[in-house]
Amino acid sequence: MGKANQPGSGGAPKKKNGKQLSQTKQIIIMAAAVLFCAVLITWTVLLMRDRLAENSNNTNGVSRSDLAEMTGAVTTVTAQTDAAPAEFTEAATTSETGTTVVLSTVTSALTNATAPVAITVQPSNFSKVTGNGKTTARGGQATQAGQTTSTTTTSAALVQPTDQPAEGQISYNKLLALYLAASQNGSAYFVDAQGSSQPTVILHGNSGYYAASPTDDFSTRNRLGGTGDASEHPWQTESGFNLMHYDAGSRFIYYASQGNNYQILGYYDTATCENVWARLHYYQLGVEWQTEYHVHYSHRADRADGTQTELQFGTCAAGGVYQVPPDLEHILDMELQNRGMSIGSWDSYVEMHPNSAADSQALKSKAGNYNSSFTAAAGETYAVVTESNAALSETAGGTAFAVLPAGAIVGISTNALPLDGGAVSVRAVINGETMHGFMNSASLLAWSAS
């Protein structure tokens, strides 16, 4: 009975052994799983390390770029290629505050090997490369390909004439310009120097005859006495003048006009600009001819109105109309002698003709070749530069781009006359090239017929 109450007493050890086998199996499975996970984790770590290394390089470059940008530095990355490197000019350096990052520029030849980016950190220096390209005329600029240059503005060099009138030719070129201008729509005469006299041109326009020479600094307002209108004297002949020149130790000019029973005759000294002249009125008294006369002296070397004085006046018998009384001839002779002038001999008087081709050619031969190719265009008249290095500008009052020598002849519009000292548009020929611009009219001499 007692044994029957202990069922399975012989089966308890068998159950314990089965449980131990199950636990061992589980441990082996877990160990295998752990090993597999360890392998997987190791492989993943290796992959992530390579990827992180690549990202680290990129991140490092970006960080440096960000650093340079935040500090205001100029950072340049030079990519190496197989082509020959570009040449750079030497950097001109200006000081700035703060720390900057600047790429050092290498000017030596590079190899074809791939080089890493070279970045140098140094004290605060900005490097500014100045271009060495050609500068265009009148303030422009140019840059070389592949370079960044600072803005550089340079003034264009003035156009300089390669030739100029000789010193002795300048006066004749001034006279030539006046002669050509007056002969366009009026009358011009040329009297060359003789003895102590000076070369002189006589110019005739709308009113009066005017003498210009180096003696009066080429003034175009030195009027021959008696040749003006009624505001100068009340006796008008309503006729033109005959002009002659004669020599009496020096060269003098004689001029005369007659009509309406009036007569004007005068003498002009080209060496001093002194002028003695007379106006006469012929009338009959019964059957005899009488002459009322007034003798004047004028000297306009200094200014247009100059000095004018009535020397003598009176009445004397005349042999006939327009026949100068001997008494008046004697008076004129004495007044001339008092001023170092001579009435000369009538046989030595040489008639002058207006706008003579011979006079023009004589003037041109004296003036030389500087202006030989210049001719005024339609609507233009002749003017001449009075002093050296007269500026020619693109605009009125603008910067000069060319200069002209004394004696250079230019063309100006006839509408610009008379010159008033302001800017005037001109056409000039410099070194064979026609140029247009503006000049200060105070530097020019021109003839105005009005």
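Worth saying up front: this structure is predicted, and the values here are computed from it rather than measured.

**What about the overall build of the protein?**
Working step 1: If you tally the helices and strands in the protein, you get 4 helices and 21 strands.
Working step 2: The buried share of the protein, reckoned over its 450 residues, is 35%.
Working step 3: Excluding contacts between residues fewer than 6 apart, the proportion of contacts in the protein whose partners are at least 24 apart in sequence is 55%.
Working step 4: Total accessible area computed for the protein in this model is approximately 26,000 Å², and 52% of it derives from carbon and sulfur atoms.

**Focus on the environment of N440**
Working step 1: The residue N440 is located in strand β20 (residues 433-440) in this model.
Working step 2: Using a relative accessible area of 40% as the deciding quantity, one classes N440 as partly exposed.
Working step 3: Each C-alpha atom of the pair N440 and D420 lies 9.5 Å from the other, and the pair is 20 residues apart in sequence.
Working step 4: Contacts of N440, omitting those with residues within four sequence positions, involve G421, G422 and A423.
Working step 5: Polar side-chain contacts of N440 include one of 2.9 Å to the backbone nitrogen of A442.

**Looking at the pairing of strand β19 (residues 423-430)**
When a strand is regular, its side chains alternate between the sheet's two faces.
Working step 1: Two elements, strand β18 (residues 409-413) and β19, share 2 bridges in a ladder whose sense is antiparallel. Across the sheet, G411 pairs through a bridge with R427, a residue of β19.
Working step 2: Relative to β20, β19 runs antiparallel, the two being bridged by 8 bridges. Looking across to β20, one finds that A428 is bridged to M435.

**What about helix α3 (residues 326-337)?**
Working step 1: Counted at 1.5 Å a residue, the expected span for α3 with its 12 residues is 16 Å, and the 17 Å between its end C-alpha atoms agrees.
Working step 2: Those residues of α3 that sit buried are L328, I331, L332, E335 and L336. Buried residues of α3 fall within an arc of 135 degrees about the axis and therefore sit on the same side. Exposed side of α3, more than 90 degrees from the buried face: P326 and D327 are the residues found there.
Working step 3: Buried-residue contacts for α3 involve β10 (262-269), β11 (274-285), β12 (288-299) and β13 (307-318).

**Observations concerning the environment of F374**
Working step 1: Locating F374 in the fold gives a position in the loop between α4 (357-367) and β15 (380-385).
Working step 2: When the C-alpha positions of F374 and A428 are compared, they lie 8.3 Å apart, and in sequence the two are 54 residues distant.
Working step 3: Every residue in contact with F374, bar those within four places of it in the chain, is listed here: Y382, I409, V410, G411, R427 and V429.

**Digging into the pairing of β10**
Working step 1: Summarising burial for β10: 8 of the 8 residues are buried, a large majority.
Working step 2: Where burial is concerned, the two faces of β10 agree: the one with Y262, I264, G266 and Y268 and the one with Q263, L265, Y267 and D269 are both buried.
Working step 3: Relative to β10, strand β9 (residues 251-259) runs antiparallel, the two sharing 8 bridges. Pairing of A256 across the sheet is with L265, part of β10.
Working step 4: Here β9 folds back onto β10 in antiparallel fashion, the turn holding 2 residues, of which N260 has a positive phi close to 60 degrees.
Working step 5: Relative to β11, β10 runs antiparallel, the two being bridged by 7 bridges. Bridge pairing links Y262 to H281 in β11.

**Remarks on the confidence of the model for the protein**
Working step 1: For the protein, the average pLDDT comes to 79, and 70% of its residues sit at 70 or higher.
Working step 2: Confidence drops under a pLDDT of 50 for residues 1-16, and excluding neighbours within four residues, the segment shows 0 contacts in the predicted structure.

**Brief notes about unusual backbone geometry**
Working step 1: The omega torsion of the bond from L417 to P418 falls at -5 degrees, within 30 degrees of zero and hence cis.
Working step 2: The residue P418 is located in the loop between β18 and β19 in this model.
Working step 3: In the Ramachandran plot, D217 falls in the positive-phi region, its phi being about 55 degrees despite a non-glycine side chain.
Working step 4: Structurally, D217 can be placed in the loop between β7 (209-212) and β8 (242-247).

**Focus on the sheet that holds strand β6 (residues 200-204)**
Working step 1: Taking strand neighbours across the sheet as the criterion, the 3 strands line up as β5-β6-β7 in an open arrangement whose pairing is antiparallel. Only two strands of the sheet have a single partner each, and these edge strands are β5 (187-191) and β7. Sheet twist, expressed as the mean angle between neighbouring strand axes with direction ignored, is 20 degrees.
Working step 2: In this sheet, β7 lies alongside β6 in antiparallel orientation, the contact comprising 4 bridges. Note that in β7 the partner of L203 across the bridge is Y210.

Thresholds applied
Residues numbered from 1 in each chain as written. Predicted model: local features only at pLDDT ≥ 70, side-chain atom pairs only at ≥ 80, totals over all residues. Heavy atoms only, no water. Helix = DSSP H or I, 4+ residues; strand = E, 2+ residues; numbered from the N terminus. Buried < 20%, exposed > 50% of the residue type's maximum accessible area, 1.4 Å probe, protein only. Contact = heavy atoms within 4.5 Å. Areas by Shrake-Rupley, 256 points an atom, 1.4 Å probe, with all protein chains shown as cover. Polar contact = N/O pair within 3.5 Å; in protein donor to acceptor, adjacent residues only side chain to side chain. Pairing = 2+ DSSP bridges. Expected span 1.5 Å × (residues − 1). Arc of directions from axis to C-beta. pLDDT = per-residue confidence, 0-100. Axes fitted to C-alpha atoms, helices over the stretch in contact; angles between N-to-C directions.

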